[in-house]
Amino acid sequence: MLTLLALGGAVAFMVCLLAFTQTYQTSLRKEFSGMGLHLMLVPLGCPYDAAAQILKGRTLDTSLPESALASARRDPAVDVAAPVFAAAIPRPSLGRTDLWIGVDEAAPKIRSWWKLKDGSFPSKPTDVLLGYEAAETELRAVGDTLYSPETKTSFTVCGILEQSGTSDDSQFFIPLKTAQTMFKQPGRITGIAIRLRDPNLIAPASARLQEIPGAQAVTMTEMIGTFLNLAGAAKALMLGVTFVALGVSGLTVFNTLVANTLERTRELGVLRAIGYSRSALFGSVTSEAVIISIAGTLLGLLLAQAAGGLIAGLVRPLMPLASPTTLVPITPQAALQSLALTVCVGLIAALLPAFRAATIHPVEALRTK
Amino acid sequence: MKKRSLIPVAILVIAGGLVAKTWLQKSAAPLKLEYSTKNAFASKGVAMIPWRDPAKDIQKIFPGAQIPDTGNPSVVALSRHRLSLIKKLGKLDHNALFVHKITNKGVVLLRRAKGENGAIEVVVFVTQAKKIAGIAIQRHREPNNIAVKLGAPSFLNAFIGLTAEGAFPTFPEKSLQAVSDVIRALLVEYDAGSNP
């Protein structure tokens, strides 16, 4: 029973880890592919930080000249180039920060998750498109006025977006020119989101766009790679712990089988005396190890199923862009991988006891008490 | 011997069946959406509005009173009074009122009013006798001419001493009238909901 518990615990840990890694990678790829863009052109500096800040709707200290947009749009590989001008008005005394995002008509093309709940996209300089939560918080409907006290600018709500679960939900989207004027940065943009005609052109396109003065191209693949590298480092550490746990479980299985063969020495001797072959005895002990391994795996899967929610709760706050749904779904693939590994461990642990059982001399065995 | 060897096989089959059943149920189940307290704060005008500066407001209206746990207000159920409240207020699109209890002083109620230029967050202090003890405007995005009126003592003091049945002042400015309407609605709802 203790052997099964040890094996089950190790398997549960491994299954949860494998399932979590698979879910995380899938959700991360889905998140980035859902963004509908292949690369971002950001001001020179730390590219990952800059791209991450823009994706989260935060502002950067530096900006790009608007001429970079024209250059990007001229590139033959570029399908859509959408400029972004992000500006934040912190209001700490009121417990909020207003995020104003200047966009042009290309924004809905690249933000594939945008769906209008009501109204239309901005067409006049005084139009504002509200994210779902921004509209709820400000109690605004289409046609209402929205005022920015700090910049003394009044807008008319032209549309409200459906809830998307992204940072867009809490932002105010206004025409690019209006944003540049409002924040006194004419001709400047914070970044350019780019979708290519063919994703396979990303390397040459990125190299060409990199040539634009003051600009740096960050591909989504690089962004995903950065996140996955972080997750991979954690996974390597956790896999190390899992293998130690499996090793200990293997020793437990070994100990159980050795004790079994010692206790059953006379029985094994009788079997040999009545004609059991060495290979039959070897197979008998290894079969026992396989059965223990399968039973331990099943117990581990049940444990993993029970503990999955708990593990997800602990891990979710620590992982960037973690899936909002189940984090540890126990997939057949993860279960089969665990089963295969556990059976291997069981078989290795059974080798010595099985060899001892197979090589037992019937006469000597029958003499033992 | 044969019967004994069947037992572990049967156990394995049953356990395997249970695992398979759990998987199938899980994959067929609809996605479970989780709602957090944060959403309750941000999503609706009548939902739980964060009380942004309780220390300052309490010092001003209920000096010396203990500051309550603002993240954990009490809930007053309104469902029993729906009909009477709809008659008095014209509509009621919620069934609960969040109330911050102030020991030995009264309660504090919060709500967003639909101002002309954005939401206006109103804090209403109510005494144990269910009279208004004070009003605070904790957040708005009105232009200066309206902001001055919203913060004017003549506006804020106009509500002091009013009860749910009192005559609430009216204002020509849309934003000021929205605040007045919200204060009345809060007081009427609290009065009804807190009756035994």
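Residues numbered from 1 in each chain as written. Chains lettered and ligands numbered in written order. Predicted model: local features only at pLDDT ≥ 70, side-chain atom pairs only at ≥ 80, totals over all residues. Heavy atoms only, no water.

1. Points about the overall build of chain B
Right, so step 1: Across its full length, chain B carries seven helices and five strands.
Right, so step 2: Secondary structure of chain B in N-to-C order comes out as α-α-α-β-α-β-β-β-β-α-α-α.
Right, so step 3: Evaluated residue by residue, chain B yields a buried proportion of 43% over its 196 residues.
Right, so step 4: Contacts in chain B between residues at least 24 apart in sequence constitute 54% of all its contacts with a sequence separation of at least 6. (Helix = DSSP H or I, 4+ residues; strand = E, 2+ residues; numbered from the N terminus. Buried < 20%, exposed > 50% of the residue type's maximum accessible area, 1.4 Å probe, protein only. Contact = heavy atoms within 4.5 Å.)

2. Structural notes on unusual backbone geometry
Note: most peptide bonds trans; most residues except glycine with negative phi.
Right, so step 1: Backbone geometry at Lys184(A) places phi at a positive 55 degrees, although glycine is not the residue there.
Right, so step 2: Inspection of the secondary structure puts Lys184(A) in the loop between α6 (176-182) and β10 (188-189).
Right, so step 3: We note that Asn104(B) has phi near 60 degrees; this positive angle belongs to a residue other than glycine.
Right, so step 4: For Asn104(B), a relative accessible area of 65% translates into the label exposed.

3. Examining the confidence of the model for chain B
Right, so step 1: On average, chain B scores 83 in pLDDT, and the residues at 70 or more come to 83%.
Right, so step 2: Between residues 28-45 of chain B, whose pLDDT stays under 50, and residues either more than four places distant or in other chains, the model counts 21 contacts. (pLDDT = per-residue confidence, 0-100.)

4. With respect to the pattern of salt bridges
Residues and elements named next belong to chain A.
Right, so step 1: A complete count under the given rule lists 20 salt bridges over all chains for this structure.
Right, so step 2: Across the pair Arg111 and Asp168 runs a salt bridge, and its minimum N-O distance is 3.1 Å. Within this pair, whereas Arg111 is found in the loop between α4 (107-110) and β5 (116-119), its partner Asp168 is found in the loop between β8 (153-161) and β9 (172-175), the two being separated by 57 residues in sequence.
Right, so step 3: Classification of Arg111 by relative accessible area gives buried; the value is 12%.
Right, so step 4: For Asp168, a relative accessible area of 5% gives the class buried. (Salt bridge = Lys/Arg side-chain N within 4 Å of Asp/Glu carboxyl O.)

5. Some details on the packing of aromatic side chains
Residue and element names in this part refer to chain B.
Right, so step 1: With the rule as written, the count across this model stands at eleven aromatic pairs over all chains.
Right, so step 2: Ring centres of Phe155 and Phe171 lie 5.0 Å apart, and the angle between their planes is 65 degrees; this geometry places the pair in the edge-to-face category. Pair noted here: Phe155 is in helix α6 (residues 153-156) and Phe171 is in the loop between α6 and α7 (174-193), with a separation of 16 residues, a long-range link. Taken individually, Phe155 and Phe171 each receive the classification buried, so the pair is uniform in this respect.
Right, so step 3: These aromatic residues form a ring-pair network of at least three members: Phe155, Phe159, Phe168 and Phe171. (Phe/Tyr/Trp six-rings, centres within 6.5 Å; stacked < 30°, edge-to-face > 60°.)

6. Side note on the pairing of strand β11 (residues 191-196) of chain A
All names here are of chain A.
Right, so step 1: Of all six residues making up β11, five are buried, and the element is well covered by its neighbours.
Right, so step 2: Examined bridge by bridge, strand β1 (residues 39-43) and β11 share three bridges and lie antiparallel to one another. Looking at the pairing, Met40 lines up with Ala193 of β11.
Right, so step 3: As paired elements, strand β3 (residues 78-91) and β11 share six bridges and run antiparallel to each other. Pairing of Pro83 across the sheet is with Ile192, part of β11. (Pairing = 2+ DSSP bridges.)

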